[in-house]
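Architecture and fold: a report
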Amino acid sequence: MGLRLLACVFHLPTAVIYGSLSLFVSILHNVFLLYYVDTFVSVYKIDKLSFWIGETVFLIWNSLNDPLFGWLSDRVFLSTQQAGAEISSPEVVLKRLRALSHNGPLFAISFLAFWVAWAHPGVQFLLCLCMYDSFLTMVDLHHNALLADLAVSAKDRTSLNFYCSLFSAIGSLSVFMSYAVWNKEDFFSFRIFCVLLALCSIVGFTLSTQLLRQRFQADGKAKWDQESALKELYIEKLSVPQEKRITLAEYLQQLSRHRNFLWFVCMNLVQVFHCHFNSNFFPLFLEHLLSDQISVSTGSFLLGVSYIAPHLNNLYFLSLCRRCGVYAVVRGLFFLKLALSVVMLLAGPDQVYLLCIFIASNRVFTEGTCKLLNLVVTDLVDEDLVLNRRKQAASALLFGMVALVTKPGQTFAPLIGTWLLCAYTGYDIFQRNPLNVVSAQPKLESAAALEPTLRQGCFYLLVFVPITCALLQLLSWSQFSLHGKRLQVVKAQRQSLTQGQAPEVKTI
């Protein structure tokens, strides 16, 4: 039985093993997004100044580390393509897999540093955020870069993304389990739970990357020659004589002329902001809009569905992408977000069932859109290669440059959200008892006066943020032209750069 199971593991399709890496990220990252702010504010009692300093430093580092790591990884690929140059080699994939095998376990270890108080809350908050994001960035960059390196056609990339969504949905089950052990007063059970998640992630990263490395090394040894190896993979050789090296300043200048890249990052900045706004304020919306109207089990169900449904829904979205194209599907999701928000605004905060559906669906469709955008980045990788005639697609670097512009939305979300809430209602999450005053009678009167305003403020925050985001995104997305015939031309031109080589990725 054990040998049969082992044999099945070793014969899994490459796309399945590639997708499984999403599982070992999502089981940790979903828990991080849901609890890290609440842990430092409610459990470690971080002060407001330290929180803002930590988020500001994190904003800077979070933006810079993606292009920095991408440049260190892919700067060798920026040389101008020469006549007769080959497009890729197995060393590109093996290099990314080696990086994943090292940084995956370190990412899991950095996740554990959040849940034990080992320094002053402000210092720990800053160090934990920067360390965690550094390893997460390395994992995300190389995992996403493999999506562009392993496949060129939309069909093959959609297949890879399908398995990523499937395993991410499975990984989101950790949110259901975390809700059962989360207790601000007794943190022990939650810490044990986090240790078990980290161990699963470490074992998974080690096993999956080792399987993929063995597979590509075996393929290279058995079939490596200019004809047969390139029938198996769409990858390029690294050694090209008389190549022209591109400096970082020249690369940035090339990107500044890449019109579709600029419009995409404008749209994606708003998308990243909205995704993290939903994650950070979901518990607050449940508490102040629905806590006295629904049971604890219903709240747990809504929380779990909001994390799992986007991945399952994305499986359907990917099938739509095959028929209609990514551009049309993403545009449709923006219109849907706008329509649902307007309906909820008109209905008001007293429609409990509609409010439950809206809170869940808002997160589901927003996260679902985020999952599709990696496909758009891979198309931008193709366009960048064709426009600048690179010898190899600098996949990780382009993903890093996208993150340079869009990741600040991750930090802006809690900062702008708490500021808007405080400005409108006077409610400050950093005060230990924000509704309390000195004497008992004024305390009751103040709480009674403030609570309706707080509920109303949460409702307006819930509906006006997606309305604003949807309008900004529709404006920028309407200027994006890499779809339809233009996308087909770019794909054909990239294929023409590899004439005489394999037209598709057999390993999928």
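Residues numbered from 1 in each chain as written. Predicted model: local features only at pLDDT ≥ 70, side-chain atom pairs only at ≥ 80, totals over all residues. Heavy atoms only, no water.

**Examining the overall build of the protein chain**
Under the convention used in this document: Counting from the N terminus, the helices are the DSSP runs of H or I reaching at least four residues and the strands are the DSSP runs of E reaching at least two. Relative accessibility thresholds used throughout: buried, under 20% of the residue-type maximum; exposed, over 50%; partly exposed, between the two (1.4 Å probe, protein chains only). Any pair of residues with heavy atoms lying within 4.5 Å of one another is described as a contacting pair. The protein chains shown are the only cover counted for residues, whose accessible areas, like all others here, come from Shrake-Rupley with a 1.4 Å probe.
Helix and strand content of the protein chain: 18 helices and zero strands. Taking all 508 residues of the protein chain together, 57% fall into the buried category. Sequence separation of 24 or more characterises 87% of the internal contacts of the protein chain that already satisfy a separation of 6 or more. Entry remark: accessible area of the protein chain is about 21300 Å², with carbon and sulfur atoms responsible for 66%.

**Section: the packing of aromatic side chains**
Each aromatic ring pair is specified by the distance between its two centres and by the angle formed by the two planes. Here is the rule we go by: Aromatic pairing here means that ring centres of Phe, Tyr or Trp (its six-membered ring) are within 6.5 Å. Orientation follows from the plane angle: under 30 degrees is stacked, over 60 is edge-to-face, and everything else is tilted.
In this structure the tally under the stated criterion is 37 aromatic pairs. Ring geometry for W61 versus F69: centroids 6.1 Å apart, planes at 85 degrees, classification edge-to-face. In this structure W61 comes out as partly exposed when scored by relative accessible area, which is 26%. Classification of F69 as buried rests on a relative accessible area of 16%. Ring geometry for F114 versus W115: centroids 5.8 Å apart, planes at 40 degrees, classification tilted.

**Regarding helix 3 (residues 48-74)**
Along an α-helix, residues three or four positions apart point the same way, because every turn accommodates 3.6 residues. We count it as follows: Take the number of residues in a helix, subtract one, and multiply by 1.5 Å to get its expected span. For a residue, the bend is simply the angle between two axes, fitted respectively to the seven-residue segment ending there and the seven-residue segment starting there. Polar contacts here mean pairs of N or O atoms no more than 3.5 Å apart (in protein, one a potential hydrogen donor and the other a potential acceptor; neighbouring residues in sequence count only if both atoms are side-chain atoms).
Spanning 27 residues, helix 3 covers 39 Å between terminal C-alpha atoms, matching the ideal 39 Å at 1.5 Å per step. At N65, helix 3 is bent by approximately 30 degrees, the largest bend along its length, and proline P67 sits one to four residues beyond. The N-cap residue of helix 3 is D47: its side-chain oxygen and the backbone nitrogen of L49 are 3.3 Å apart.

**A few points about the environment of E367**
Within the secondary structure, E367 sits in helix 14 (residues 352-388). On the basis of relative accessibility, which here comes to 12%, the residue E367 falls in the buried class. Beyond its immediate stretch of four places on either side in the chain, E367 contacts C275, S279 and P310.

**A few points about the UniProt feature "transmembrane region" (unreviewed entry) in the protein chain**
To keep it simple, the criterion reads: UniProt positions are given in the numbering used here, feature names are shortened, and annotations may be inferred rather than shown by experiment.
Under the UniProt annotation, "transmembrane region" (unreviewed entry) lies at residues 15-37, 49-64, 106-132, 160-182, 188-207, 261-282, 294-312 and 324-347. Within the segment residues 106-132, helix and strand shares are 70% and 0% respectively, and the terminal C-alpha atoms sit 9 Å apart.

**Describing the environment of C321**
Relative to the helices and strands, C321 resides in helix 12 (residues 296-324). The exposure class of C321 is buried, given its relative accessible area of 8%. In the structure, C321 is positioned 54 residues away from L375 in sequence and 9.8 Å away in space, judged by C-alpha atoms. Sequence-distant contacts of C321, that is, excluding residues within four places in its chain, are made with V326, V329 and L372.

**Section: the side chain of S476**
You can see S476 is positioned in helix 17 (residues 440-477). A distance of 3.2 Å separates a polar atom in the side chain of S476 from the backbone oxygen of Q473. In contact with S476, other than residues within four places in its own chain, are W263, C266 and M267.

**Notes on the packing of helix 11 (residues 259-290) against helix 15 (residues 395-406)**
Heads up, the rule is: Axes here refer to lines fitted to C-alpha atoms; in helices the fit is confined to the stretch in contact. Angles between the N-to-C directions go from 0 to 180 degrees. Between 65 and 115 degrees an angle is taken as roughly perpendicular, under 35 as roughly parallel, over 145 as roughly antiparallel, and anywhere else as oblique. Handedness of a crossing follows from how the near helix is turned relative to the far one, being left-handed for an anticlockwise turn of less than a right angle and right-handed for a clockwise one. Any residue outside Ala, Val, Leu, Ile, Met, Phe, Trp, Tyr, Cys, Pro, Asp, Glu, Lys and Arg is labelled polar, Gly included; the first ten of those are nonpolar and the last four are charged.
Axis separation between helix 11 and helix 15 bottoms out at 8 Å; the angle between their running directions is 55 degrees. Our classification of the angle between helix 11 and helix 15 gives oblique. Crossing angle aside, the handedness with which helix 11 passes helix 15 is right-handed. Seen from helix 11, the contacting residues are F261, F264, V265, N268, L269 and V272; seen from helix 15, they are L398, M401, V402, V405 and T406. Of the residues belonging to the contact of helix 11 with helix 15, the class tally is nine nonpolar, two polar and no charged.

**As for the pattern of salt bridges**
Rules: By definition here, a salt bridge exists when the distance from a side-chain nitrogen of Lys or Arg to a carboxyl oxygen of Asp or Glu is within 4 Å.
Applying the stated criterion to the full structure yields eight salt bridges. Across the pair E367 and R363 runs a salt bridge whose closest N-O atoms are separated by 3.3 Å. Placement of both E367 and R363 in helix 14 is noted, with a separation of four residues, approximately one turn of the helix. Taking the shortest distance from any N to any O, the salt bridge between D382 and K491 comes out at 2.9 Å. Taken together, the residues D382 in helix 14 and K491 in helix 18 (residues 485-496) connect sequence positions 109 residues apart.

**Comments concerning unusual backbone geometry**
In the Ramachandran plot, K45 falls in the positive-phi region, its phi being about 60 degrees despite a non-glycine side chain. One can find K45 in the loop between helix 2 (14-43) and helix 3. Judged by relative accessible area, K45 falls into the partly exposed class, the value being 47%.

**Some details on the packing of helix 5 (residues 121-150) against helix 6 (residues 154-171)**
Axis separation between helix 5 and helix 6 bottoms out at 9 Å; the angle between their running directions is 150 degrees. The angle between helix 5 and helix 6 falls in the class roughly antiparallel. Crossing handedness for the pair helix 5 and helix 6: right-handed. Facing helix 5, whose interface residues are H143, L147, A148 and L150, helix 6 presents R157, L160, N161 and C164. Here the residues of the contact of helix 5 with helix 6 are counted per class, giving five nonpolar, two polar and one charged.

**Digging into the side chain of T39**
Position of T39 relative to the elements: it lies in helix 2. Those residues within four positions of T39 in sequence are excluded, and the remaining contacts are Y44, F114, W115, W182 and F187.

**Comments concerning a nonpolar patch on the surface**
Using the following cut-off: Without a salt bridge and with relative accessible area above 30%, a residue can belong to a patch; like charges are then joined within 9 Å and nonpolar side chains (Val, Leu, Ile, Met, Phe, Trp, Tyr) within 5 Å.
On the surface, W52, F412, I416, W419 and L420 cluster together into a nonpolar patch covering about 450 Å² of accessible area. Top element by residues in the nonpolar patch is helix 16 (residues 408-425). It accounts for four residues. Secondary-structure assignment places F412 in helix 16. Residue class for F412 comes out partly exposed when judged on its relative accessible area of 33%.

**A short note on the environment of L303**
Following the sequence through the fold, L303 ends up in helix 12. Through-space distance from the C-alpha of L303 to that of L34 is 9.7 Å; in sequence the pair is 269 residues apart. The residues touching L303, leaving out its near neighbours within four places in the chain, are L34, V175, Y179 and F282.

**With respect to the nonpolar core**
Soluble globular proteins tend to bury their nonpolar side chains together. The following threshold applies: Buried residues of nine kinds, namely Ala, Val, Leu, Ile, Met, Phe, Trp, Tyr and Cys, make up a nonpolar core once their side-chain atoms join them within 4.5 Å. Where each domain begins and ends is defined by an automated method or by a domain database.
Core analysis: the largest hydrophobic core is formed by 91 residues, its most contacted members being F114, W115, F285, L289 and L290. Here the element with the most residues in this core is helix 2; it accounts for 19 residues. Both domain 1 (13-220) and domain 2 (258-429 + 445-501) contribute no fewer than three residues apiece to this core. Apart from residues no more than four positions distant in its own chain, F114 is found in contact with F32, Y36, T39, F40, Y44, Q124, C128, L129 and Y132. Counting residues in each nonpolar core, the second largest holds 47 residues, with F264, A393, A394 and V490 among its members.

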